[in-house]
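# Descriptive analysis of the structure
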Amino acid sequence: MTKVYLKRKIATRIANGHPWIYGNEIDTTDGDIVPGDIVEVYFYDKKFVGKGYINPQSQIAVRLLTRRKEEINDAFFLKRIQQAWQYRQRLGYSENCRLVFGEADYLPALVIDKFNDYFVIQTLSLGIDKWKDAIVAALETLFKPKGIYERNDVPVRELEGLSQQKGWLTTPGETEIIIRENGLQFLVDIENGQKTGFFLDQQHNRRAIQPLVKGADVLGAFTYTGSFEVHAAHYGAKSVLGIDISEQAVAQANKNAALNGLADTCKFEAMNAFDVLKQWDKDNRKFDVVMLDPPAFTKSRESIGKAVNGYKEINLRGMKLVKNGGFLVTSSCTNLVSPELFLQTINEAAKDAKRKIRQVCFQSQSNDHPIIWGMENTNYLKFLIVEVTTL
Ligand code: SAH
């Protein structure tokens, strides 16, 4: 097997357990480099680091799969996926969950969402893509699924020399399925929905709004499938208005409200949140609770500043629409904006909006998306509730 030797001076990150090795951390190699193949990695002093897959075309040249001298084969993937499932079951998940959360499950660049009997997978690097058949076989062994769908229509694959593609990896099944969450039902479009079709990462955050929304007039912006808004209506809100720029998302969100018998209280409209929140502030419209869940405003370090401005702007607008003593429920899903930076941004938005805020809760993604300290990209979601009062 091809061996990769690291430079004498490498980031402590690798020694501390991080699975990524950048191209400029490699000193020499011994053997043929076949993109996507498994290699053995050693420190400069020939001490064993682990085994992983290599792709010289990617900035992340090697992603480690194991720190042990074990065989990487079909059985390895079966075992890892089985461990990921046992972990979720221990945390109380049964029907729907992120079954594999990449690096946090020691399966770099692999995402698997379980929607009851259906599975949606993403293989986001060449090295993991090569094991797709093994991954599908493992899911079939463990779950006897009704279908496994690949949502590899993501640009990041191109950095690895992979094409964007989507489709069934098993005999075709339903592409619109219904899942249950917190006692409600949601339509999931695994073929054309965003990402894998449903944002499982906010599941426990959706429960967190329960005490705030009873009897409230609620506004939700960036609603997608309307999951937060349908929860708000279910938890006793007087009225819920959800807005999203995508007509398709709005149609799906309205269907989800109807599916749960909540269409009378919970309505969705296609609008640009930035424009409409500004206008409604001018019109002096007010809500008891405003919920914001914008998309990642940036995917690159160069544009963090722009993203922060976006978060500040939309949160400032959101706060201004909150009645005195009401609540702002706000999220950020980009890992490039750290929790500290996010809170600082909300604080600045409050100052500019001339509002006083008090933190009710601040948390991250649901437990099926474990966080590994030191692997920043595993700690990506910020979910904050603040009480908003006028100065
Ligand atoms: N809250 C959702 C996830 C939101 S994803 C959930 O829990 O499922 C972000 C959403 O923001 C997408 O649906 C996207 O269509 C929408 N969006 C992006 N830009 C927007 C804008 N300027 N105004 C309103 N919605 C926008």
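Residues numbered from 1 in each chain as written. Predicted model: local features only at pLDDT ≥ 70, side-chain atom pairs only at ≥ 80, totals over all residues. Heavy atoms only, no water.

When its secondary structure is counted, the chain shows 11 helices and 20 strands. Here the chain has a C-alpha radius of gyration of 22 Å; the compact-globule value for 391 residues is 21 Å, and the two agree. Seen along its three principal axes, the alpha-carbon backbone of the chain occupies a region of about 70 × 45 × 35 Å. Taken over 391 residues, the chain has a buried fraction of 55%. Across the chain, contacts joining residues at least 24 apart in sequence account for 62% of those joining residues at least 6 apart. Accessible area of the chain: about 17400 Å², with a carbon and sulfur share of 48%. For the chain, the distance from the average position of its 50 positive side-chain charges to the average position of its 47 negative side-chain charges is 6 Å. (Helix = DSSP H or I, 4+ residues; strand = E, 2+ residues; numbered from the N terminus. Rg over C-alpha atoms; globule rule 2.2 N^0.38 Å. Buried < 20%, exposed > 50% of the residue type's maximum accessible area, 1.4 Å probe, protein only. Contact = heavy atoms within 4.5 Å. Areas by Shrake-Rupley, 256 points an atom, 1.4 Å probe, with all protein chains shown as cover. Lys, Arg positive; Asp, Glu negative; His and termini not counted. Charge placed at Lys NZ, Arg CZ, Asp CG, Glu CD.)

In this section: the domain arrangement of the chain. Partitioning the chain into domains gives domain 1 (3-66), domain 2 (74-174) and domain 3 (199-390). For domain 2 versus domain 3, the separation of C-alpha centres amounts to 29 Å. Between domain 2 and domain 3 the total buried area reaches about 1100 Å² when both faces are included, carbon and sulfur atoms providing 69% of it. The largest contributions to the domain 2 side of the interface with domain 3 come from Tyr93, Phe101 and Glu103, which together make up 45% of the buried area. Applying the counting criterion to the domain 2 and domain 3 interface returns 0 salt bridges. The interface formed by domain 2 and domain 3 holds 4 residue pairs in polar contact (both at pLDDT 80 or more) in total. (Domains from an automatic or database assignment. Buried area = accessible area lost by both parts, 1.4 Å probe. Salt bridge = Lys/Arg side-chain N within 4 Å of Asp/Glu carboxyl O. Polar contact = N/O pair within 3.5 Å; in protein donor to acceptor, adjacent residues only side chain to side chain.)

Buried together is how nonpolar side chains tend to be arranged in soluble globular proteins. One finds Phe115, Ile209, Val213 and Val218 to be the most contacted residues of the largest nonpolar core, which totals 36 residues. For this core, the element with the most residues is helix α7 (residues 227-234), which contributes 4 residues. When residues are assigned to domains, this core turns out to be shared by domain 2 (74-174) and domain 3 (199-390), each giving three or more. Once residues lying within four places of it in the same chain are set aside, the contact partners of Phe115 are Glu95, Asn96, Val120, Ile177, Ile179, Val188, Ile190, Thr196, Phe198 and Leu200. (Core = buried A, V, L, I, M, F, W, Y, C linked by side-chain atoms within 4.5 Å.)

Within the open sheet, the 6 strands sit side by side as β2-β6-β5-β4-β1-β3. Their pairing is mixed. Edge strands, defined here as strands with exactly one partner in the open sheet, are β2 (20-22) and β3 (26-30). Each neighbouring strand pair of the sheet contributes to a mean axis angle of 35 degrees, computed without reference to strand direction. Strand direction decides the pairing type here: strand β1 (residues 3-6) and strand β4 (residues 38-42), joined by 3 bridges, are parallel. Paired with Lys3 across the two strands is Glu40, which belongs to β4. (Pairing = 2+ DSSP bridges. Axes fitted to C-alpha atoms, helices over the stretch in contact; angles between N-to-C directions.)

This part is about the site of the ligand. Taken together, 18 residues sit near the ligand, with Gln194, Ser227, Asp244, Ala273 and Asp293 positioned nearest. Between the ligand and the protein, one listed contact pairs an oxygen atom with a side-chain N or O atom of Thr225 at 3.5 Å. Between an oxygen atom of the ligand and a side-chain N or O atom of Asp244, the distance comes to 2.7 Å. When isolated, the ligand has an accessible area of 580 Å², and the protein chains bury 90% of it. Contributing elements (two or more residues each) for the shell around the ligand: α7 and α9 (273-282). Of the residues belonging to the shell around the ligand, the class tally is 9 nonpolar, 6 polar and 3 charged. (Near = heavy atom within 4 Å. Nonpolar A, V, L, I, M, F, W, Y, C, P; charged D, E, K, R; others polar.)

For the rest of this paragraph, the subject is α7. Counting buried residues in α7 gives 7 out of 8 residues, a clear majority hidden from the surface. For α7, the set of buried residues is Ser227, Phe228, Glu229, Val230, His231, Ala232 and Ala233. Two residues or fewer past α7, Gly236 is found with a positive phi of approximately 105 degrees.

With that out of the way, let us pick up unusual backbone geometry. With a phi close to 55 degrees, Asn116 is a non-glycine residue in the positive phi region. Here Asn116 lies in the loop between β8 (110-115) and β9 (118-123). Assessed through its relative accessible area of 29%, Asn116 is described here as partly exposed. Within the chain, Lys195 stands out as a residue other than glycine whose phi angle is a positive 50 degrees.

Tallied over the entire structure, the rule returns 17 aromatic pairs. Relative to Phe143, the ring of Phe119 lies with its centre 4.8 Å away and its plane at 40 degrees, an arrangement referred to as tilted. With Phe119 in strand β9 and Phe143 in helix α4 (residues 132-143), the pair connects residues that are 24 residues apart, well separated along the chain. In this pair, the class of Phe119 matches that of Phe143, namely buried. On the numbers, 6.2 Å between centres and 40 degrees between planes, the contact of Trp280 with Phe287 is tilted. Each member of the pair, Trp280 as well as Phe287, is classed as buried. Following the ring pairs from residue to residue traces out a cluster consisting of Phe222, Phe274, Phe297, Tyr311 and Phe342. (Phe/Tyr/Trp six-rings, centres within 6.5 Å; stacked < 30°, edge-to-face > 60°.)

Taken across its 6 residues, strand β15 (residues 239-244) has 5 buried, putting it largely inside the fold. Here strand β14 (residues 217-221) pairs with β15 via 5 bridges, running parallel. Residue pairing for β15: Val218 is matched across the bridge by Val240. When β15 meets strand β16 (residues 266-270), the two strands line up parallel, connected through 5 bridges. Directly across from Leu241, in β16, lies its bridge partner Lys267. Following the chain from β15 across helix α8 (residues 247-259) to the adjacent parallel β16, one finds a crossover that is right-handed. (Right-handed = clockwise from strand over helix to strand, strands pointing away.)

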